[in-house]
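# Architecture at a glance
Next come the chains, spelled out residue by residue.
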Amino acid sequence: MKVKTRKRYPDMASASVTKSVNKAKSLNGASESNGRAQKEVGNPYSKCTGIKFNVKKKAWCQAMNVAIDFVTKTVKKFTTTAGCRQAVKWFKNKKRWYKKGSTPKLGDQVYYDFKRKKPKYATHTGRIISVNTKKHTCVAEEGNVSNNTKKRCFNYLTYKYLLGIGRPFYK
């Protein structure tokens, strides 16, 4: 008798996703002024890419996601760009991009466009740390929000600035 087994998908909740989400949560409150943003985002980004990165001189929201993936070693492959637009292009090329209206999963990267009334280009990003599918809400930990890391809660179906979701290749 053959026993049916459920196939395990790499983007489902797993130890890797939990580790990544916990790292994102631990960054809450890291800022340019207290030095934690440079220590926990800028320095790991520099080590990962070989490019000296100073959070006081560059936008670092996407660099935060790269640092999380690099430090936790929870993702098989990831983009090393510090640019949101380039990261979205990478996710699209890897067929890991989900448009607005898709349900995010823990550990996903969410991208926004705060410069236009109708989202077109990514200008900011965060890491999904909580999802409530009944209320269609989620919470993202975001870097470089007024030079700090902060949480943002929003409705993933109606939030007007939401561009889409990039799903990392978790191990």
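Scroll up for the structure.
First, a word on scope: everything that follows refers to the structure included in this document. (Residues numbered from 1 in each chain as written. Predicted model: local features only at pLDDT ≥ 70, side-chain atom pairs only at ≥ 80, totals over all residues. Heavy atoms only, no water.)

### Quick look at the pattern of salt bridges
Selection rule: Between Lys or Arg on one side and Asp or Glu on the other, a salt bridge is scored when a side-chain nitrogen of the former is within 4 Å of a carboxyl oxygen of the latter. Helix numbering and strand numbering both begin at the N terminus, where a helix is a DSSP run of H or I of at least 4 residues and a strand a DSSP run of E of at least 2. Categorising residues by exposure relies on relative accessible area from a 1.4 Å probe, with only protein chains included: less than 20% of the type maximum marks a residue as buried, more than 50% marks it as exposed, and the intermediate range marks it as partly exposed.
Here the structure, examined in full by the defined rule, presents seven salt bridges. The closest approach of N and O atoms between Lys23 and Glu40, which form a salt bridge, is 3.5 Å. Taken together, the residues Lys23 in helix H1 (residues 15-26) and Glu40 in helix H2 (residues 36-49) connect sequence positions 17 residues apart. Taken as a pair, Lys23 and Glu40 share a single burial class, namely buried. Measuring nitrogen to oxygen at the nearest pair gives 2.7 Å for the salt bridge that ties Asp113 to Arg116. Residues joined in a network through salt bridges with shared partners are Lys23, Arg36 and Glu40.

### Quick notes on the nonpolar core
Applicable threshold: Note on terminology: a nonpolar core comprises buried Ala, Val, Leu, Ile, Met, Phe, Trp, Tyr and Cys residues joined through side-chain atoms within 4.5 Å.
Ranked by internal contacts, the top residues of the largest apolar core, which has 29 residues, are Phe53, Trp60, Ala63, Trp97, Tyr111 and Ala122. Breaking this core down by element, the ones donating at least two residues are H1, H2, helix H3 (61-72) and helix H4 (84-93). Counting nine residues, the second largest nonpolar core, distinct from the first, contains Ala140, Phe154, Tyr156 and Tyr159.

### Observations concerning H4
The test is simple: It is the directions from the helix axis to the C-beta atoms whose arc is reported. Between two residues, a contact is recorded if the distance between any of their heavy atoms is within 4.5 Å.
Three or more residues of H4 are buried, namely Cys84, Ala87, Val88, Trp90 and Phe91. Within H4, the buried residues cover an arc of 160 degrees as seen down the axis, which keeps them to one side. Those residues of H4 that are exposed and angled more than 90 degrees off the buried face are Lys89 and Asn93. Those residues of H4 that are buried lie in contact with H3, strand S1 (97-99), strand S2 (109-112), strand S3 (124-132) and strand S6 (162-166). Once H4 finishes, Lys95 follows within two positions and takes phi at roughly 60 degrees, a positive value.

### Considerations on H2
Threshold: In this analysis, the expected span of each helix is defined as 1.5 Å times one less than the number of residues it contains. The seven residues ending at a residue and the seven starting there each receive a fitted axis; the angle between those axes is the bend at that residue.
Taking 1.5 Å per residue, 14 residues should reach 20 Å; H2 reaches 19 Å between its end C-alpha atoms and fits that length. Along its length, H2 reaches its greatest deviation from straightness, about 30 degrees, at Gly42, and the proline Pro44 lies no more than four positions downstream. Considered for burial, the residues of H2 that qualify are Ala37, Glu40, Val41, Gly42, Pro44, Tyr45 and Ser46. Positioned one or two residues after H2, Gly50 has a phi angle of 80 degrees, which is positive.

### Description of the state of the cysteines
The criterion, for reference: The disulfide definition used here is simple: a pair of cysteine sulfur atoms within 2.5 Å.
Applying the stated criterion to the full structure yields zero disulfides. With no disulfide of its own, Cys84 lies 3.7 Å from the sulfur of Cys61, the closest cysteine sulfur. Of all cysteine sulfurs, the one in Cys153 lies closest to Cys138, which takes part in no disulfide; the gap is 7.1 Å. On the basis of relative accessible area, Cys138 is assigned to the buried category, the value being 2%.

Fair warning: the whole summary comes from geometry, so function is off the table for now.
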